[in-house]
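One-letter residues, chain by chain:
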Amino acid sequence: MPLALRQPQIFEPSLATCYTGSLANFTPPLIGGTPPLQAFKAARWRNASWLQKDLARFAEQYPGGDQRAIISIWSKWHFSALTVPALAANLLLNRDLPVGLDNVQVIFNEKGATSRLWLPHEGTALTTQAPFERFASLIEQHWAPLIEQLAEISGAAQRVFWSNAGGYLDYYVNALAEHPLVNDAALDAAKALLATPTLPNGKRNPLFQPVRYFTPKGSEEVKRVRKLCCLRYLLDEFDTCGTCPLEGCDLEARKRAKQTA
């Protein structure tokens, strides 16, 4: 009698079914099966030459622009596309998605920015509430090696890219807190990740408090401000964004920042 073939684990519900409420306007990643022809392995970004080629495609829309700002903006597109499904699986389904550089494949839009991901499977069940273990696939296997490369290529400090990643982490953690499927223990772990100043090894946590919230004097509206600027104002096409810590500075201060960033 032939041995039964071992079937891959199938989770219910699927990640795609969670894209309701605060996720309704997002597109879930493609999971399993054959990757589309336009997808490519993110693992190639471990090679600086490949990453430079991919970044150059995005930079074409900003001829002569500051590379630090261009690559920072590119990273924001990519980090957003990556953070949404990774957090959704983690906080809503208690699963660790295979989002490491060696597992995920990327689909670019017509401008050379990440628009969608392909993942080999729906993830594995999480069994820990320890913040840095729970999000290790995202942080250690994707963000850390990619950010090191982006900083080297662009000349911008690594903290700029960690701030971009942390800003999206903060934003989507708060958005998913309102989702009907949110797991309270997982949500607490995500908040602890952003509120802990040091890593388990004693080093500085690069995701510590990437955003601060305050109520300006004379206003009742809570304002959200990033700890670090994303540098987009260095491009002629942009000014500072609504969450920029430079907002409110005089023009001369901005010029000095542009010269020394």
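Residues numbered from 1 in each chain as written. Predicted model: local features only at pLDDT ≥ 70, side-chain atom pairs only at ≥ 80, totals over all residues. Heavy atoms only, no water.

**A short note on the overall build of the protein chain**
(1) Moving on: For the protein chain, the helix and strand inventory stands at seven helices and eight strands.
(2) Moving on: Total accessible area on the protein chain is roughly 13700 Å²; 52% of this is exposed by carbon and sulfur atoms. (Helix = DSSP H or I, 4+ residues; strand = E, 2+ residues; numbered from the N terminus. Areas by Shrake-Rupley, 256 points an atom, 1.4 Å probe, with all protein chains shown as cover.)

**Some details on the sheet that holds strand 2 (residues 40-41)**
(1) Moving on: A sheet is described by the order of its strands in space; here four strands give the open sequence 1-5-4-2, paired in mixed fashion. Two strands close off the open sheet at either side, each with one partner strand: strand 1 (30-31) and strand 2.
(2) Moving on: Packed on one face of the sheet, helix 2 (residues 67-93) meets strand 4 (105-108) and strand 5 (114-119) and runs near 40 degrees to strand 5. (Pairing = 2+ DSSP bridges. Contact = heavy atoms within 4.5 Å. Axes fitted to C-alpha atoms, helices over the stretch in contact; angles between N-to-C directions.)

**Some remarks on the packing of aromatic side chains**
(1) Moving on: Applying the stated criterion to the full structure yields ten aromatic pairs.
(2) Moving on: Relative to Y172, the ring of F26 has its centre 5.6 Å away and its plane inclined at 80 degrees; by these criteria the two rings are edge-to-face. Pair noted here: F26 is in the segment before strand 1 and Y172 is in helix 5 (residues 158-176), with a separation of 146 residues, a long-range link.
(3) Moving on: Measuring from centroid to centroid gives 6.0 Å for F79 and W143, while their planes differ by 70 degrees, and the two rings are edge-to-face. Residue F79 is located in helix 2, and its partner W143 is located in helix 4 (residues 136-154); the two are separated by 64 residues in the primary sequence.
(4) Moving on: What links up through ring pairs into an aromatic cluster is the set F26, Y168, Y171 and Y172. (Phe/Tyr/Trp six-rings, centres within 6.5 Å; stacked < 30°, edge-to-face > 60°.)

**Side note on empty space enclosed by the protein**
(1) Moving on: Summed over the entire model, instances satisfying the criterion amount to one cavity of 30 Å³ or more.
(2) Moving on: Of the voids in this model, the largest cavity is the one considered here, and its volume is about 60 Å³.
(3) Moving on: Broken down by element, the lining of the largest cavity gets its largest block of residues, three residues, from helix 2. (1 Å grid on protein atoms, 1.4 Å probe; cavity = no way out; pocket = protein on both sides within 12 Å on 5 of 7 lines; lining within 4 Å. Points joined across faces, edges and corners; volume = space filled by probe spheres on them.)

**Details of the side chain of T83**
(1) Moving on: Within the secondary structure, T83 is located in helix 2.
(2) Moving on: Look at T83 and you get buried, because its relative accessible area is 0%.
(3) Moving on: Side-chain polar atoms of T83 contact the backbone oxygen of F79, separated by 2.5 Å. (Buried < 20%, exposed > 50% of the residue type's maximum accessible area, 1.4 Å probe, protein only. Polar contact = N/O pair within 3.5 Å; in protein donor to acceptor, adjacent residues only side chain to side chain.)

**What to know about the packing of helix 1 (residues 48-59) against helix 2**
(1) Moving on: Between helix 1 and helix 2, the shortest axis-to-axis distance is 10 Å and the interhelical angle comes to 95 degrees. Considering the angle they form, helix 1 stands roughly perpendicular to helix 2. Contact with helix 1, carried on its side by L51, L55, F58 and A59, involves Q67, I70, I71, I73, W74 and W77 of helix 2 and no other residues of that element.
(2) Moving on: Looking at side-chain class alone, the contact of helix 1 with helix 2 contains nine nonpolar, one polar and no charged residues. (Parallel < 35°, antiparallel > 145°, perpendicular 65-115°, else oblique. Nonpolar A, V, L, I, M, F, W, Y, C, P; charged D, E, K, R; others polar.)

**Here's the deal with the pattern of salt bridges**
(1) Moving on: Throughout the structure, instances matching the rule amount to four salt bridges.
(2) Moving on: The shortest N-O distance in the salt bridge between D102 and R46 comes to 3.0 Å. Note that D102 is positioned in the loop between strand 3 (95-96) and strand 4 and R46 in the loop between strand 2 and helix 1, a separation of 56 residues in sequence.
(3) Moving on: Judged by its relative accessible area of 52%, D102 falls in the exposed class.
(4) Moving on: Taking the shortest distance from any N to any O, the salt bridge between R68 and D66 comes out at 2.6 Å. (Salt bridge = Lys/Arg side-chain N within 4 Å of Asp/Glu carboxyl O.)

**As for the pairing of strand 4**
(1) Moving on: Of the two faces of strand 4, the one holding Q105 and I107 and the one holding V106 and F108 are both buried throughout.
(2) Moving on: Two strands pair when backbone bridges link them, and strand 4 and strand 5 are joined in this way by four bridges, in the antiparallel orientation. When the bridges of strand 5 are listed, Q105 appears paired with W118.
(3) Moving on: Hairpin geometry of strand 4 and strand 5 is characterised by an intervening segment of five residues between the two adjacent antiparallel strands and by a positive phi of about 90 degrees at G112.

**A look at the confidence of the model for the protein chain**
(1) Moving on: Predicted confidence across the protein chain gives a mean pLDDT of 88, with 88% of residues reaching 70 or more.
(2) Moving on: In this model, residues 1-8 is a region of pLDDT below 50 whose contacts with residues beyond four sequence positions or in other chains number zero contacts. (pLDDT = per-residue confidence, 0-100.)

**Observations regarding helix 6 (residues 184-195)**
(1) Moving on: The end-to-end C-alpha distance of helix 6, which contains twelve residues, comes to 16 Å, matching closely the 16 Å that a straight helix rising 1.5 Å per residue would cover.
(2) Moving on: When we look at burial in helix 6, the residues that qualify are A186, L187, A189, A190, L193 and L194. Projected down its long axis, helix 6 shows its buried positions confined to an angular sector of 160 degrees, all on one face. Exposed residues lying more than 90 degrees from the buried face of helix 6 are D184 and D188.
(3) Moving on: Each element contacted by the buried residues of helix 6 is listed here: helix 2, helix 3 (131-134), helix 4 and helix 5.
(4) Moving on: A distance of 3.0 Å separates the backbone nitrogen of A185 from a side-chain oxygen at the start of helix 6, and that oxygen is part of N183. (Expected span 1.5 Å × (residues − 1). Arc of directions from axis to C-beta.)

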